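What follows is each chain in one-letter form.
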Protein chains: 2
Amino acid sequence: MSTGAELHSACETLAPLIGTWRGPGGGHYPTIDDFVYLEELTFSHVGKPFLAMTQRTRNGDTDAPLHAEVGYLRPQPNRVVELVLAQPTGVVEIHLGRISEENDTLTVDLRTERVEGTRTAKPISEVRRRLEVTGNTLVSEMWMAAMGQPLTHHLRAELTRA
Amino acid sequence: MSTGAELHSACETLAPLIGTWRGPGGGHYPTIDDFVYLEELTFSHVGKPFLAMTQRTRNGDTDAPLHAEVGYLRPQPNRVVELVLAQPTGVVEIHLGRISEENDTLTVDLRTERVEGTRTAKPISEVRRRLEVTGNTLVSEMWMAAMGQPLTHHLRAELTRA
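The structure reproduced in this document is the subject of the present report.

About the criteria used
- Residues numbered from 1 in each chain as written.
- Chains lettered and ligands numbered in written order.
- Predicted model: local features only at pLDDT ≥ 70, side-chain atom pairs only at ≥ 80, totals over all residues.
- Heavy atoms only, no water.
- Helix = DSSP H or I, 4+ residues; strand = E, 2+ residues; numbered from the N terminus.
- Contact = heavy atoms within 4.5 Å.
- Polar contact = N/O pair within 3.5 Å; in protein donor to acceptor, adjacent residues only side chain to side chain.
- Least-squares fit on C-alpha atoms with pLDDT ≥ 70 in both.
- Buried < 20%, exposed > 50% of the residue type's maximum accessible area, 1.4 Å probe, protein only.
- Pairing = 2+ DSSP bridges.

### Section: the environment of Gln76 of chain B
(1) Moving on: Among the structural elements, Gln76 of chain B can be located in the loop between β4 (65-75) and β5 (80-86).
(2) Moving on: Remark: the alpha-carbon pair of Gln76 of chain B and Arg98 of chain B, spanning 22 residues in sequence, is separated by 9.4 Å.
(3) Moving on: Every residue in contact with Gln76 of chain B, bar those within four places of it in the chain, is listed here: Thr120 of chain A together with Val81 and Glu82 of chain B.
(4) Moving on: One polar contact links the side chain of Gln76 of chain B to the main-chain carbonyl oxygen of Arg74 of chain B, over a distance of 3.3 Å.

Below, the structure written as structure tokens:
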């Protein structure tokens, strides 16, 4: 997706995200056992006013694929950002968020305005996501309300720029 | 995404889709001028019960990127299939569809159960999509209800397996 096109000016505040990031993560939730994974997360652009996002996780021992998600970050004026995501679990998410910078850390804080699923998808009522980039480190966190649980911390991965 | 994993049995009916497809397409809609484009469409798998879908179109003269969409096809029992899609326009689609085969042609006919958009996305009320694979040819068509128009034929591309 990064074709050598010049970055669109709307994407400048999100520029620290662009690249491929890899590292370990861990998950927990009241209804399941704790788990660990390896994550690869990529943000790319084609010169238009959005970034494409591709995420994949796999089992660190067996290399078997676990989760995946794909979508687009759409920066708006005044440090607002929208995110649309599709997942192989049959879930789509529409987020509204804010971009902030403090002490060399870029933070993107996102909350779902809509979470929808196919007929066979497990229902999720709300998702919060946070991306924090400091130099060559990206910390990705996710909170989820599902299975009758309130919004609860679910995932954290600490990734390094590849 | 195709890591050499064995195709999941749930995906067998969709196997003719797997691969990368390229070719020309054209669009029309009552509210805009007709247009043409070049499309690349990829269906891939990782051994799990879904196919990942990635689509990109570009201007055939300037090579500039036009549209894109990413998502997952989720085959279900009895030739039912679900599709989730995210688009850089801020739109997500949840489709329910059917898989059929006749005279060496595989047809996947899909209709949205939900179309949702971010706050700044142009509202779309319904989408129909059809994929028809005959050997090394894939015809992709899309109908859309938006901008006050009823469900109207919008896009058709005839692609060849790369």
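Next comes the rest of the account.
### Regarding unusual backbone geometry
(1) Moving on: Its identity is not glycine, yet Asn103 of chain A carries a phi of approximately 50°, on the positive side.
(2) Moving on: Following the sequence through the fold, Asn103 of chain A ends up in the loop between β6 (91-102) and β7 (105-117).
(3) Moving on: A positive phi angle, close to 65°, is found at Asp104 of chain B, a residue other than glycine.
(4) Moving on: Relative to the helices and strands, Asp104 of chain B resides in the loop between β6 (91-102) and β7 (105-117).

### Considering the relation of the copies chain A and chain B
(1) Moving on: Turning chain A through 180° and shifting it by 0.0 Å along the axis lays it on chain B, with an RMSD of 0.0 Å. What we have between these two chains is a two-fold relation. Relative to the rotation axis, the C-alpha of Ala86 of chain A is the closest in chain A, positioned 2.8 Å from it.
(2) Moving on: Residue by residue, 100% of the interface of chain A is reproduced at the interface of chain B, so both copies engage with the same surface.

### A short note on the pairing of β5 of chain B
Residue and element names in this part refer to chain B.
(1) Moving on: Most of β5 sits out of view: 6 of its 7 residues are buried.
(2) Moving on: Sheet topology note: the β4/β5 ladder contains 6 bridges and is antiparallel. Among the inter-strand pairings, Tyr72 is bridged to a residue of β5, identified as Val84.
(3) Moving on: What sits between β4 and β5 in their antiparallel hairpin is a turn of 4 residues, with Asn78 showing a positive phi close to 60°.
(4) Moving on: As judged from the 7 bridges shared by β5 and β6, these two strands associate in the antiparallel manner. Bridge pairing in β6 places Leu83 opposite His95.

So far we have only geometry, and geometry alone does not tell us how the molecule works.
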